[in-house]
Structures are given as structure tokens and as C-alpha cells.
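Residues per chain are reported as follows:
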Amino acid sequence: MFIITVFPITKGAFKERLSYWSSHQVSPGSVIKVPFRSGSVLALVESSSDASAAKSDIKNASFVTRKLEVTTPYKIVHPECIKAAEQTAYYFAEPLGTVMKALIPEAILSEATIPDVAPADSVTDTDTSSDNDTPDEDEFIPEVLTFQSHNQDRYSTYKGIVREEFARKKSVLLIVPTTVHVEMFKELLKKGIDDYVVGLHSGLSKKAQKENWDKALREDHPMVIIATPMFMSVPRTDISTIILDRESSRSYINSFPPYIDFRTHIEYYAQHMHARLILADTLLRVETLYRRERGEIHDLFPPSFRLENLPGTIIVDMTEKSHREKDGFRVLSEELISMIEYSQKKKENMFIFCARRGLSPQAVCGDCGSTVLCTHCSAPVVLHNSKNEGGRYFLCHHCGHKRSAMECCKKCTSWKLITLGIGIDTVYEEIEKKFPDVKLFKIDKDSVKTEKQAKDIIKQYERTPGSILIGTETALTFLPPVPHIAIASMDSLFSLPDFRVNERIAHILLRLIYRASTYFLIQTRNAHVPLLKQITTGTFVDFYRDEIAVRKAINYPPFSVQIKITVEDTREKAADEMERLHHILEQWKPMVFPAFIPTQRGKAVLHMLISVPPEQWPEARLRDTLVALPHEFMVKVNPESLL
């Protein structure tokens, strides 16, 4: 009899490991079905040991070990992927099973027992790979390279890398953040090698996912596999180069359990695969540039810190008297109006960016100064307008609660509610009023719900000379090159108390300025912020120097590993839970503070922050304590935001 220890591949696992007894031995690294609660789930086998060696432990155990009826086990991913997943799970204090669930597509897991998936030998060793000339794990020095350059330069370089790797009879794995990028790179790279380029992403049907997965495995010729992170684990054995494009994208961070950063996993995976890893972007993350500066990683090519062939750039200071109307507020400056008139005269398209949805991102009482908040979660509400909704209404972008805007101040009962800031609907209405003959299009989360809708709008926009597209960040993924681009307002982003906000603004500016071929205009009340000059003049090495100096001064990443623990409960219970946890973790000097949105669904939200020197994480005792916390506590290691 054997004791089989497994990691359940499910989001709902309450333990990292489960143990079963079986009359059959199973190879570690195999995937099998195991009884779980009232049903069964797929599980990754960690170990298979002779039960006689643990006989006394089994007898004295406080639980009953269930019998395992072993079905045919299968190897769905490389042993190297499992090793990388173990490191990822350990680093982010997550159960291995939930991490594996995030790394293997549901369509592939659900087909784990079909005949055309190669069955695993039930008694052989885990490591089924390897040529004789493969270096030992301890001897291999991972090659991590940076490639910071503009889009077209990166794309042409990728084509050269593919040619070189194909000549060596090796495959290339290109990882991108979104489904849109997968399809874009397929079009860019497929010329002449169409049969050897395959795309994998969640936007495909389950049937197409399975077909493309199988094609990537069965083709004898080297392949270019373009995939989002969930599909990167396709077990092809000849991958020698892994490219991580758009390295700065926030899409690489999982927004739901397990809370992992796929970029960290990809680096572990490349190391275990003995593959070269290229981290690429127009502007790499501050953390990545710092690693490069310290000599921890090296350059594929010297990084470009300057923009070339910049469009004519205009920064309009909206605080100047010439840009104020009688009420002190103006949506469109004279410069922006002139830019619209010029684009109409030339019959050239234009894009106008707005950072926020709705008419106005904030409303306050003109008498007592109180901010109008959501009655459900206490987040600031946004003013919207809809003909179908019967006029103006307040919408909470945090929890989705909606209510009529016909109300007085909740604190002093004054009817003098004043809107602050510019939202996309305000800009749309103002342009519609001043330029009634111009064809307008809009892309934001309120008006566009699917990728297909966004693509259809872009097609109509491109077919309509002289039209104007107004959009939020949602539009940037789909935006083609445009002669004229303007930023109507992004000042609300500067007000966010988040240490990564300058980096986020820098990437938005770069994405926009690279798409503008003739003119680029920014309306702002923060015209003297150094960041604007650094990016718009194309000298963003100064941006990196300023940003790294600030982070060092306040001991933020990359100078520390930040661990955020969140609890959501009634105000009293949340405070009690945090007090108990603070006592447990007091040796790591935790700091407790309310969330930026202090309540959610009627409950209080509290955060605890622990800072650990990078060289000390993962610290075994702290990590084990975090993993053992009840599910009421949400643990995020190096979160995207501390708010």
C-alpha cells in the first residue's frame, strides 16, 4: 500500500496538501483525479511513498485517510513548470494547487483523460525530459536580458530572433498580457511561417484552445507560441527563448486568487527550462531597471531612454487666466479647439483621452465641503448622464451602486452640490455642442462591454475621415496610429496616493505619444510636474532616476518586499481580527491602516502592511504563518497598489 500526497488543482482547496492511500504507486508530477469533499477534482501528485514506513503515523492521525482509486495518470505540463510553480507558490504564500489552477487552462484540465494526451508512466521518475548535454540545475546560470525600445524596433527584432531560433531548430515562446496582443503579434510574425505560429488565449473557444494546444505540441517543426500567461505552460520541449513583452503591464498581476505576479513565475520557468528570457517594453518597470543597474540582469541591446520622431507637443496649463471661464472651469482650451478645427480641415482623425468615466469624477457640497459618497461602500461617486436612465445619476465605480443625482448633502442638507474634474461624458457633450457636424465615437467600460464591440467601433472610426474617438484607458489597447492625439484631463490620476501612480501615468503618456504622428496635446492643471516634461521631451532616464530616489527614501519596492493583508468584516470584528493578527506577527513590525475605500458592501476594510528586506523573503516562518491564515484574510505579496 502507498500513501499518495497531492496538491488539489482547485481554487477552493482549504489545504495545500491532501493525502490518500492506494494499492498503486503514482509518479510524482502526474495529474490524477482524487475524491474531494462530495465530488472529485484533478490533483498534482507530490509524492508516493510506501505506507509501511508511516504505519504508526497513520494509526495516530486525527483524521481518516481516504482510499484513492487511481485512474490513468497524465503529464499535462513539464516537470519544469511544476518546479517553477512550487517556487511561485512559495514566494507569494499561496497553495501550490491554486497556482497550478491559474497556470493550466480549464479546457486543458477538463480534457486530462482523453486518449491523445500522452499518459504518464505510473512508476517512473518525474523528470522525463532532457538530453544528455543539458546542464545540471545547479550549474545552469539563467540568462535574463532587458530590451527597452519603441514598439517597431522590438517587433522587427522579434522577427530576427525567430529566424535565428528556427535555424537552430528551436522554438520561441512569446508571452503577452492580453488576448488583443496575441492576435496582433500573430499578424506581425506569421508572414512566411504561418503554419508554425500558434496563438493561445482565453478569447478562443475551448475547442480552439485544445486544438491550438495540441498543434503546439505535435508539430515537429520549431514553433512560435504566442500566449497569455495562463497558456504559457504548454509542454513543448524545444523552447530556448522566452520573450515577455509589455513587461510593465498590470495585466500580469492576477486580480483574483491566487494573487501571483505571472512575471515572477515566468522568470522561474525560464530558469528551469534553461531558456533565455527577454524582458521587453517601451519603458521597463522601475524594479527591472534597478536590477539592470545593479548588474543582476543584462541587456539584449543598450536600452533606449529617448523618444525619436516625436510629434509636435503642446502642454496647456489650465490654471492660467486665459483658460478660465466666468465660473473658473473650462473643458476645452483654445488650443484643443484649434487642434480639432485643424483636424477637421485636413479631414484627419483624432483621439482624445480622458482618465475618468462619467461627467465628473467627484462631487462635493459647496457649503460644508463634504464629498458625495456611495451609501454602500463609502467610495466617491461619479456623476453620469443617460437619456435611458431619465437624466443624471450617481454611480459608484467601486461597487456599482447607482442612485439619482437629485439629492441634497447627506451631512448638512444643502442643495449646493458641485462637480469637480472632467469625465469622458463631459468632454463628449462639449465637443458635440461645439462641433455638431463631427462624427464622434466613444470607448470606455460603460459604453463597451466586449472586445468585439471595441474592435467594431475602431473599424468604423478608421473608415470615417475627420472623426474623433474619445476614450479612457480601455481604448488604448485597440487604438491605431492617429495623426492627432489630445489628453483632455488626467489630473485625477496625480491625486491618487499610490507609490506607483507616476509610473502608471508615464506608461499612459508613452502609449499615447507613440501613436500620434502629427500633434500631441495635454490639458492639465499640473503643467509643472517634472514627469510631463521628462516623457514629452523623450528623456525619461530622468524619470527613472527621480522615481528610484523617492522609492529608496521611503523604502518601497525594489528596496523592500511589501506584504499586504486585508480583512473585511463589521467594523468591530475587523478591528478585533487585525489586533489578534498584529499580536501574532508583531516581530515583523506590521502597520495597520484603513483601506482607501474604507467600507465595502457595508463592511469595514482594514489593511496590514509588512515590509521585508528583499534578501530575506521568502522568510519561512512568516510565509508559513501567512499560508495558515483563515480564508477571511487576503494576502498579497508585492501588490500592485497599497490603497
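Calculation criteria
Residues numbered from 1 in each chain as written. Predicted model: local features only at pLDDT ≥ 70, side-chain atom pairs only at ≥ 80, totals over all residues. Heavy atoms only, no water. Helix = DSSP H or I, 4+ residues; strand = E, 2+ residues; numbered from the N terminus. Expected span 1.5 Å × (residues − 1). Buried < 20%, exposed > 50% of the residue type's maximum accessible area, 1.4 Å probe, protein only. Pairing = 2+ DSSP bridges. Contact = heavy atoms within 4.5 Å. Axes fitted to C-alpha atoms, helices over the stretch in contact; angles between N-to-C directions. Phe/Tyr/Trp six-rings, centres within 6.5 Å; stacked < 30°, edge-to-face > 60°. Lys NZ or Arg CZ within 6 Å of the ring centre and 35° of its normal. Core = buried A, V, L, I, M, F, W, Y, C linked by side-chain atoms within 4.5 Å. Salt bridge = Lys/Arg side-chain N within 4 Å of Asp/Glu carboxyl O. Parallel < 35°, antiparallel > 145°, perpendicular 65-115°, else oblique. Left-handed = near helix turned anticlockwise from the far one by under 90°. Nonpolar A, V, L, I, M, F, W, Y, C, P; charged D, E, K, R; others polar. Right-handed = clockwise from strand over helix to strand, strands pointing away. Patch = residues over 30% accessible without salt bridge, like charges linked within 9 Å, V, L, I, M, F, W, Y side chains within 5 Å. Areas by Shrake-Rupley, 256 points an atom, 1.4 Å probe, with all protein chains shown as cover.

Visitor: Got a minute to help me understand helix α15 (residues 501-513) in this structure?
Guide: The periodicity of an α-helix, 3.6 residues per turn, causes residues three or four places apart in sequence to face the same way. Its 13 residues give α15 an end-to-end C-alpha distance of 18 Å, which sits within 8% of 18 Å, the value for a rise of 1.5 Å per residue. For α15, a buried count of 10 out of 13 residues is recorded, marking the element as mostly surrounded by other parts of the structure. Taken together, the buried positions of α15 are Val501, Glu503, Ile505, Ala506, His507, Ile508, Leu509, Leu510, Leu512 and Ile513.

Visitor: Got a minute to help me understand the sheet that holds strand β1 (residues 2-8) in this structure?
Guide: Read from one edge to the other, the open sheet built from 5 strands follows the order β3-β4-β1-β2-β5, with strand pairing classed as mixed. Each edge of the open sheet is held by one strand with a lone partner, namely β3 (31-36) and β5 (66-67). Strands β1 and β4 (39-50) of the sheet are contacted by helix α3 (residues 96-103), whose axis makes an angle of about 55 degrees with β1.

Visitor: Looking at this model, I keep getting lost on the side chain of Ser489. Mind explaining?
Guide: Mapped onto the elements, Ser489 comes out in strand β22 (residues 482-489). Since its relative accessible area comes to 11%, Ser489 is described here as buried. Not counting the four nearest positions on each side in its chain, Ser489 is found in contact with Phe353, Cys354, Ala355, Ile422 and Gln523.

Visitor: Is there a simple way to think about the pairing of strand β14 (residues 350-354) in this case?
Guide: Each regular strand carries side chains that alternate between the two faces of the sheet. Across the 5 residues of β14, 5 count as buried, placing the element largely inside the fold. Direction of pairing for β14 relative to β22: parallel, over a ladder of 5 bridges. Following the sheet pairing, Phe351 is matched in β22 by Ile485.

Visitor: Mind showing me how you'd approach the packing of aromatic side chains here?
Guide: Aromatic ring pairs are defined here through the distance separating the ring centres and the angle between the ring planes. The final tally for this structure, using the stated rule, is 11 aromatic pairs. Between Tyr91 and Phe92, the aromatic rings sit 4.9 Å apart at their centres with planes inclined by 70 degrees, giving edge-to-face as the arrangement. Of the two residues examined, Tyr91 and Phe92, each falls in the buried class. An angle of 90 degrees between the planes, with centres 5.2 Å apart, marks the rings of Tyr155 and Phe185 as edge-to-face. Of this pair, Tyr155 sits in helix α5 (residues 151-167) while Phe185 sits in helix α6 (residues 179-189), placing them 30 residues apart in sequence. Phe185 carries the same exposure label as Tyr155, and that label is buried. A connected cluster of aromatic rings, assembled from ring pairs, spans Phe147, Tyr155, Tyr158, Phe185 and Phe301. We note Lys402 situated over the ring of Tyr393; from NZ or CZ to the ring centre the distance is 5.0 Å. Looking at Lys442, its charged tip hangs above the ring of Tyr428, at a distance of 5.7 Å from the centre.

Visitor: Just to check I follow, could you spell out helix α7 (residues 206-218) for this structure?
Guide: In this model α7 runs 18 Å from its N-terminal to its C-terminal C-alpha over 13 residues, within 8% of the 18 Å that 1.5 Å per residue would give. Of the positions making up α7, those classed as buried are Ala208, Gln209, Lys210, Asn212, Trp213, Asp214 and Ala216.

Visitor: Would you mind showing me how to read the nonpolar core here?
Guide: Burial of nonpolar side chains together is a common tendency in soluble globular proteins. Counting residues in each nonpolar core, the largest one holds 72 residues, and the members touching the most others are Ile242, Ile563 and Ile565. Not counting residues up to four positions away in its chain, the partners in contact with Ile565 are Met578, Leu581, Leu585, Leu606, His607, Met608, Ile610, Leu626, Leu629, Phe633, Met634 and Val635. Formed by 49 residues, the second largest nonpolar core is a distinct cluster that contains Val448, Ile457, Ile505 and Ile535.

Visitor: I tried to follow the pattern of salt bridges on my own but got confused; where do I start?
Guide: Two side chains carrying opposite charge are able to pair once their charged atoms lie near each other. Counted according to the given criterion, the structure contains 31 salt bridges. Close ionic contact of Arg500 with Glu287 constitutes a salt bridge, the shortest N to O distance being 2.7 Å. Within this pair, whereas Arg500 is found in the loop between α14 (491-494) and α15, its partner Glu287 is found in helix α9 (residues 286-293), the two being separated by 213 residues in sequence. Each member of the pair, Arg500 as well as Glu287, carries the same accessibility label: buried. Between Glu619 and Arg621 there is a salt bridge; the shortest N-O distance is 3.4 Å.

Visitor: Please explain the packing of helix α2 (residues 79-91) against α3 as it appears in this structure.
Guide: A pair of packed helices is characterised by two quantities: the angle between their axes and the separation of those axes. One way to put it is that α2 packs onto α3 with a least axis distance of 9 Å and a crossing angle of 120 degrees. By the angle between their axes, α2 is oblique relative to α3. For the element pair α2 and α3, the recorded crossing hand is right-handed. Contact with α2, carried on its side by Ile82, Ala85, Glu86, Thr88 and Ala89, involves Leu96, Val99, Met100 and Leu103 of α3 and no other residues of that element. Considered class by class, the residues forming the contact of α2 with α3 number 7 nonpolar, 1 polar and 1 charged.

Visitor: Before we go on, may I ask you to explain the environment of Pro483 in this structure?
Guide: By the element assignment, Pro483 lies in strand β22. The spacing of Pro483 and Ala516 is 33 residues in sequence and 5.3 Å in space, taken between C-alpha atoms. Here Pro483 is in contact with Glu348, Asn349, Ala516, Ser517, Thr518 and Tyr519, once residues within four sequence places are set aside.

Visitor: So what exactly am I meant to see when it comes to the pairing of strand β10 (residues 239-244) here?
Guide: Counted residue by residue, β10 has 6 buried out of 6 residues, so it is predominantly covered. The pairing of strand β7 (residues 171-175) with β10 spans 5 bridges and is parallel. Its bridge partner lying in β10, Val172 is registered against Thr241. Here β10 pairs with strand β11 (residues 276-281) via 4 bridges, running parallel. Note on β11: the bridge partner recorded for Ile242 is Leu277. Regarding the hand of the β-α-β motif, the stretch spanning β10, helix α8 (residues 262-273) and β11 is right-handed.

Visitor: Can you help me understand a nonpolar patch on the surface in this one?
Guide: There is a patch of nonpolar side chains on the surface, built from Ile314, Tyr342 and Tyr519 and spanning about 240 Å² of accessible area. Its location among the elements puts Tyr519 in strand β23 (residues 516-524). Its relative accessible area of 33% is what places Tyr519 among the partly exposed residues.

Visitor: I keep staring at the packing of α5 against α6 and nothing clicks. Help me out?
Guide: Here α5 crosses α6 at 60 degrees, and the two axes come no closer than 10 Å. The pairing of α5 with α6 is recorded here as oblique in orientation. Considering only the axes of α5 and α6, their crossing is right-handed. Residues Tyr155, Tyr158 and Lys159 of α5 lie in contact with α6, whose contacting residues are Met184, Phe185, Leu188 and Leu189. Class assignment for the residues of the contact of α5 with α6 results in 6 nonpolar, no polar and 1 charged.

Remember, this is a structural readout, not a statement about activity or role.
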